[in-house]
Amino acid sequence: MKYVIGVDLGTSAVKALLVNREGRVCGEASRDYPLIQERSGYNEQDPELWVKATVEALRGLVSDTGIDGNDVEGMSFSGQMHGLVLLDGEGNALRNAILWNDTRTSEQCREIEAKLGKRLLGIAKNRALEGFTLPKLLWVKRHEPELFAKAAAFVLPKDYLRYRLTGHLAAEYSDAAGTLLLDVANRRWSEEIAGAFGIPLSMCPPLVGSEAKVGTLLPAIAGQTGLPEFMGVFAGGADNACGAIGAGILSEGETLCSIGTSGVVLSYRDSGDNDYAGKLHFFNHGKKDSFYAMGVTLAAGYSLSWFKETFAPEASFDDLLKGLEQTTAGANGLLFTPYLVGERTPHADAATRASFVGMDASHGLPHFTRAVVEGITFSLKESLELLRDAGHDIRSLVSIGGGAKNETWLQMQADIFGVDIHRLESEQGPALGAAMLAACGCGWFESLERCATMFIKRSKTFRPNARQAERYADLFRIYGQVYENTRQLNEELSAFRTS
Ligand SMILES: Nc1ncnc2c1ncn2[C@@H]1O[C@H](COP(=O)(O)OP(=O)(O)O)[C@@H](O)[C@H]1O
Ligand SMILES: O=C(CO)[C@@H](O)[C@H](O)COP(=O)(O)O
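Every value quoted in this text rests on a predicted model; they were computed, and no experiment measured them.

Engineer: Describe the UniProt feature "site: Important for activity" (unreviewed entry) in the protein, listing the residues and the values that go with them.
Structural biologist: Here, UniProt's "site: Important for activity" (unreviewed entry) annotation points to Asp8. Residue placement: Asp8 occurs in strand β1 (residues 3-9). Overall, the relative accessible area of 6% leaves Asp8 in the buried class. Those residues in contact with Asp8 that sit more than four places away from it in its chain are Ala13, Val14, Lys15, Ser78, Gly79, Asp239, Pro430 and Ala431.

Okay, structure coming up:
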């Protein structure tokens, strides 16, 4: 039996999936690593821990499944987007990676807007948001100039991981699109944007497609993992692009909801000509010559993890989410907005913060849990509505990520979004998408679509309950007013955030 491996470098953990030629998931391994949060708005990770965790996960995958490592023909990667890894001339990381959910760069975003004006949307197809890579580069240039002077290249998280496993440095379009340095429609680094900020193009790694073979494993990595040196290592894609591939979002009308640390609602586009006026993100897909638009909730699964760690650290997610069955829609009049680290869609506002509104003496842990889960889902509905306003015809969604593990939450997604929700056999869409890229790279299939018919298996569909949907529509109208009504208060409170 021959296999491929898909590796998803997530924010909470790295997950590795072993898949055979029939698309059956034959093994899974995962290793987690911490976030480093020195100050409010700061989110970093140590890139060395990504490498260590991945090597351990791969070794565990080979030994736990008992396979002959030589039967693995290819591997590819999915990764958290936008994170900045700065490399010196020898390829060593110069500092911790600054992640997608780090919002220290508001000043740099204003600088980008002032310098490029409408050209930014014209070329990069996205507005300047704190999470993207170019503002991070400019932050390091301004605040750590001695370190920036040593930088020879920057890479995105999964590109760094692939570099450490193969020794070959490369970037690919779907992740490069999230840097603000890519000419998205023409698929090349933008000389105009890089030049405007004094970033030499030599700092941007060579671009390849998601299915391109980048190299083979370094002998030391092969030795540590039990995988063969000759195995093909393929470029891979951004986690949302890979999540979309792994969920079969490969043609117009197909839409994904992913609830990981962040949450996204993402819809496929054939053409790069669309103008979303910066209200939604617009990136290159991992499928050749195609694109997707998406809205992002910064703290989706993260809101639930934060809530659990802070108020119910002993409980498992499954135990905590039993609270959903003990309460009814609207959590007895309690609403939550998930702006724990600021927000992106529909409110591009790094300074805003979360709220519980309507606390009552009758509320207990189950009500708060329900309010958190409902608030995350309402926030994602706002992205869904923006996609619809932009002309996307959305009749059903495929749901993936940690949030798709819980059936009551999946039913809630159907009720709040008002469409059918499809669940897959494995909720690990991004790792599966990476495995599909490896399978196509190895020549097992002539296209991702052909691979999808073999690899993607839907397990269950959740249909909206009309009465619940009506109740949620009323609540959504109230939810939609919380941001504006708390914006000014949050701005004033920011002066009291000391760490
Ligand atoms: N059993 C569960 N039920 C519902 N949600 C869960 C469960 N386990 C984890 N989660 C949520 O999933 C999130 C992690 O999802 P994952 O897709 O692994 O994220 P990432 O790719 O960002 O590392 C957690 O933040 C948590 O909120
Ligand atoms: O910033 C974005 C997308 O623009 C995030 O979606 C990151 O790509 C992180 O993803 P997860 O770790 O939540 O999967």
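Engineer: I'd like to hear about the UniProt feature "domain: Carbohydrate kinase FGGY C-terminal" (unreviewed entry) in the protein, residue by residue, with values.
Structural biologist: As annotated by UniProt and renumbered to match this structure, "domain: Carbohydrate kinase FGGY C-terminal" (unreviewed entry) occupies residues 256-440. Overall, residues 256-440 shows 34% helix and 21% strand. The separation of its end C-alpha atoms is 22 Å.

Engineer: Got a sec to walk through the site of ligand 1? Specific residues and values, please.
Structural biologist: In the vicinity of ligand 1, 20 residues are found, and the nearest of them are Ser12, Lys15, Thr261, Gly301 and Ser305. Here an oxygen atom of ligand 1 and a side-chain polar atom of Lys15 are 2.9 Å apart. One of the side-chain N or O atoms of Asp318 is found 3.1 Å from a nitrogen atom in ligand 1. Those elements that place two or more of their residues in the shell around ligand 1 are β2 (13-20), α11 (301-311) and α12 (317-320). Per-element accounting of the shell around ligand 1 gives the leading share, four residues, to α11. Classifying every residue of the shell around ligand 1 gives six nonpolar, eleven polar and three charged.

Engineer: A description of the side chain of Gln45 should follow, citing residues and the corresponding values.
Structural biologist: Examined against the element boundaries, Gln45 turns out to sit in strand β4 (residues 44-45). Residue Gln45 is classed as buried on the basis of its relative accessible area, which comes to 1%. At 3.5 Å, the side chain of Gln45 and the backbone oxygen of Pro34 are in polar contact. Polar side-chain contacts of Gln45 include one of 3.1 Å to the side chain of Trp50. Those residues within four positions of Gln45 in sequence are excluded, and the remaining contacts are Thr11, Tyr33, Pro34, Leu35, Ile36, Trp50, Gln80, Asn96, Ala97 and Leu99.

Engineer: Explain helix α2 (residues 106-116) residue by residue, including any values.
Structural biologist: Listing the buried residues of α2 in full gives Gln108, Cys109, Ile112 and Leu116. Looking down the long axis of α2, one finds its buried residues gathered within 105° of arc, a one-sided arrangement. Following α2 by one or two positions, Gly117 adopts a phi angle in the positive range, close to 50°.

Conventions we followed
- Residues numbered from 1 in each chain as written.
- Chains lettered and ligands numbered in written order.
- Predicted model: local features only at pLDDT ≥ 70, side-chain atom pairs only at ≥ 80, totals over all residues.
- Heavy atoms only, no water.
- UniProt positions renumbered as here; feature names shortened; annotations may be inferred.
- Helix = DSSP H or I, 4+ residues; strand = E, 2+ residues; numbered from the N terminus.
- Buried < 20%, exposed > 50% of the residue type's maximum accessible area, 1.4 Å probe, protein only.
- Contact = heavy atoms within 4.5 Å.
- Near = heavy atom within 4 Å.
- Polar contact = N/O pair within 3.5 Å; in protein donor to acceptor, adjacent residues only side chain to side chain.
- Nonpolar A, V, L, I, M, F, W, Y, C, P; charged D, E, K, R; others polar.
- Arc of directions from axis to C-beta.

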